[in-house]
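A closer look at the structure
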Amino acid sequence: MIFASNILLAILWSLLIGPFTPYNLLAGFFISMLALAVCSNPGRAYAMRFWAIAALLLFLTKELVKANIRVAYYTVSSLKTLHPAILAVPLEPLTDPEITLLANLITLTPGTLTLDVSADKRQMFVHFMHVDDPSEAVQEIKSGFERRIMEATR
Amino acid sequence: MTIINILTVFLVLLGALFSLIAAIGLIRMPDLYTRMQSATKAGTLGVACTAAAAALHFKDTIASMDAIIVVVFFFLTAPVASHLIARASYTSGHRLWSQTIRDDYAESRTSGPDDRPDPEDLSL
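Residue numbers here run from 1 along each chain, matching the order of that chain's written sequence. Chains carry letters from A onward and ligands carry numbers from 1 onward, assigned in written order. Local features are withheld for residues below a pLDDT of 70 in this predicted model, meaning they are given only at 70 or higher, and side-chain atom pairs are given and counted only at 80 or more; totals for whole chains, interfaces and linings count all residues. Side-chain figures throughout are based on the complete set of non-hydrogen atoms in the structure, without hydrogens or water.

Here's the deal with the overall build of chain B
Secondary structure summary: chain B contains four helices and zero strands in total. Strands are runs of DSSP state E lasting at least two residues, helices are runs of H or I lasting at least four, and both sets are numbered from the N terminus onward. The helix and strand sequence of chain B, counted from the amino end, reads α-α-α-α. For chain B, the proportion of its 124 residues judged to be buried stands at 32%. Of the contacts formed within chain B by residues at least 6 apart in sequence, a portion of 63% connects residues at least 24 apart. Accessible area of chain B: about 7,800 Å², with a carbon and sulfur share of 69%. Each residue is assigned to one of three classes by its accessible area relative to the maximum for its type, calculated with a 1.4 Å probe on protein chains only: buried under 20%, partly exposed between the two thresholds, exposed over 50%. By definition in these notes, contact holds between two residues if any of their heavy atoms fall within 4.5 Å. Residue exposure ignores everything except the shown protein chains as possible cover, and the areas themselves are Shrake-Rupley values with a 1.4 Å probe.

A word on the interface of chain A and chain B
Of the residues lining the interface, 40 residues belong to chain A; the matching set on chain B comes to 36 residues. Values labelled buried area give the accessible surface lost by two parts on being combined, using a 1.4 Å probe and summing over both. Across the interface of chain A and chain B, roughly 3,200 Å² is buried in total on both sides, 67% from carbon and sulfur atoms. Per-residue buried area on chain A facing chain B is highest for A:Thr75, A:Ile86 and A:Leu115; these three make up 18% of the total on that side. In the sections that follow, a salt bridge refers to a side-chain nitrogen of Lys or Arg positioned within 4 Å of a carboxyl oxygen of Asp or Glu. Linking chain A to chain B there are one salt bridge. For the purposes of these results, a polar contact is taken to be a pair of N or O atoms within 3.5 Å, where, inside protein, one atom must be able to donate a hydrogen and its partner to accept one; residues adjacent in sequence count only when each atom of the pair is a side-chain atom. The tally of links from chain A across to chain B stands at eight residue pairs in polar contact (both at pLDDT 80 or more). Residue assignment for the side of chain A that touches chain B shows that the elements contributing at least two residues are helix H3 (41-76), strand E1 (85-90), helix H4 (96-108), strand E2 (112-117) and strand E3 (123-128) of chain A. The element contributing the most residues to the side of chain A that touches chain B is H3(A), with nine residues. Each residue belonging to the side of chain A that touches chain B can be placed in one class, and the counts come to 25 nonpolar, 13 polar and two charged. Side-chain classes follow a simple rule in which Ala, Val, Leu, Ile, Met, Phe, Trp, Tyr, Cys and Pro form the nonpolar group, Asp, Glu, Lys and Arg form the charged group, and the remainder, Gly included, forms the polar group.

Structural notes on the sheet that holds E2(A)
Residue and element names in this part refer to chain A. Strands pair, by our definition, only if DSSP identifies at least two bridges between them. Sheet architecture is open: three strands sit in the order E1-E3-E2, paired in antiparallel fashion. This sheet does not close on itself; its edge strands, each paired only once, are E1 and E2. Geometrically, the sheet is characterised by an average inter-axis angle of 30° between neighbouring strands, direction not taken into account. Where E2 and E3 come together, five bridges link them in antiparallel fashion. Here the axes come from fitting lines to C-alpha atoms, over the contacting stretch only for helices, and the angles between their N-to-C directions go from 0 to 180 degrees.

Considering the layout of surface pockets
The volume enclosed by the largest pocket comes to roughly 810 Å³. Buried and open spaces are told apart on a 1 Å grid over the protein atoms alone, a cavity being a set of points where a 1.4 Å probe fits but cannot get out and a pocket being an open set with protein on both sides within 12 Å along at least five of seven lines. Residues with an atom within 4 Å of a point are the lining residues. Contributing to the lining of the largest pocket are 29 residues, with A:Leu57, A:Leu60, B:Val71, B:Val72 and B:Phe75 lying nearest its centre. Take the lining of the largest pocket: its biggest share by element is eight residues, from helix H3 (residues 61-91) of chain B. Here the lining of the largest pocket is built from residues that sort into 25 nonpolar, four polar and no charged. Grid points are joined across faces, edges and corners, and a volume is the space filled by probe spheres set on the points.

Concerning the pairing of E3(A)
All names here are of chain A. With five of its six residues buried, E3 lies for the most part within the structure. Where E1 meets E3, six bridges bridge the pair, whose relative direction is antiparallel. Bridging from a neighbouring strand, valine 89 pairs with methionine 124 of E3. Counted between consecutive antiparallel strands, the loop separating E2 from E3 contains five residues, among which lysine 121 sits at a positive phi close to 60°.

Some points on the nonpolar core
As used in this record, nonpolar core signifies buried Ala, Val, Leu, Ile, Met, Phe, Trp, Tyr and Cys residues forming a set joined through side-chain atoms within 4.5 Å. Formed by 32 residues in total, the largest nonpolar core has its most connected members in A:Leu87, A:Leu102, A:Ile106, A:Met124, A:Val126, A:Phe128 and A:Phe145. For this core, the secondary structure elements donating two or more residues are H3, E1, H4, E3 and helix H5 (134-153) of chain A together with helix H2 (32-58) and H3 of chain B. If sequence neighbours within four positions are ignored, A:Ile106 has contacts with A:Thr112, A:Leu113, A:Thr114, A:Met124, A:Val126, A:Ile141 and A:Phe145. Judged by nonpolar contacts, the second largest core, of ten residues, contains A:Leu115, B:Tyr33, B:Ala86 and B:Tyr90.

Describing the domain arrangement of chain A
Domain boundaries shown here were taken from an automatic or database domain assignment. You can read the domains of chain A as domain 1 (2-39) and domain 2 (61-153). The C-alpha-based centres of domain 1 of chain A and domain 2 of chain A are spaced at 37 Å.

Structure follows, in structure tokens:
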């Protein structure tokens, strides 16, 4: 709902300011978001969530590049030192869409692959292409994707 | 050669390099799970780089939108497919490689009540 008024205000802005270009629309979008954040409480929560989602996307891009380089290295280096593992990642109480998103992001990142979620939804089984320290690998997922997803969705 | 051209060439080469590494992984990796890792996903950055190069080269909005849509749909579908293939392989008894150091999944499947439907019941 607030998103709709944000879009409407952005269109209004670009109609008023001059030529109707994607850049004016984008500028209008951010300016009206700022206005919404200043005017109302739900507007502020909405703006915060927008930035949390943007942060999640940025983090995903960073992780993708990092993980791709890591997997590329495993692929061409010696197999003797490669130690795959299936680890149980304990989950915070997440909703179903959040678990789906988390599982998808983990699988999308090279080197990790979600196999299953336990029936009580408190554990996720992830196949790692290589682990040095199991608890550190689990912690990396919890403090990375899981925390950021929770910030973006609630 | 403008800076855009150089960037385009760089992105195409990078995309090709990641795709090549994915192909090498498909041959070199020891078991199904690690092979899936490199085959389905070393490709993600490869596809993203190639699509970005196309968007840069054609320089119009339609081509850029196409490139973005290609990447978005690839990112949406690739994990679902690889998750399902891996889980199906595990369930049907594909073994893990001998150098695998831990398997928490096996423990959870043997201990505790199994509330999954009996595979016999799923006959179509």
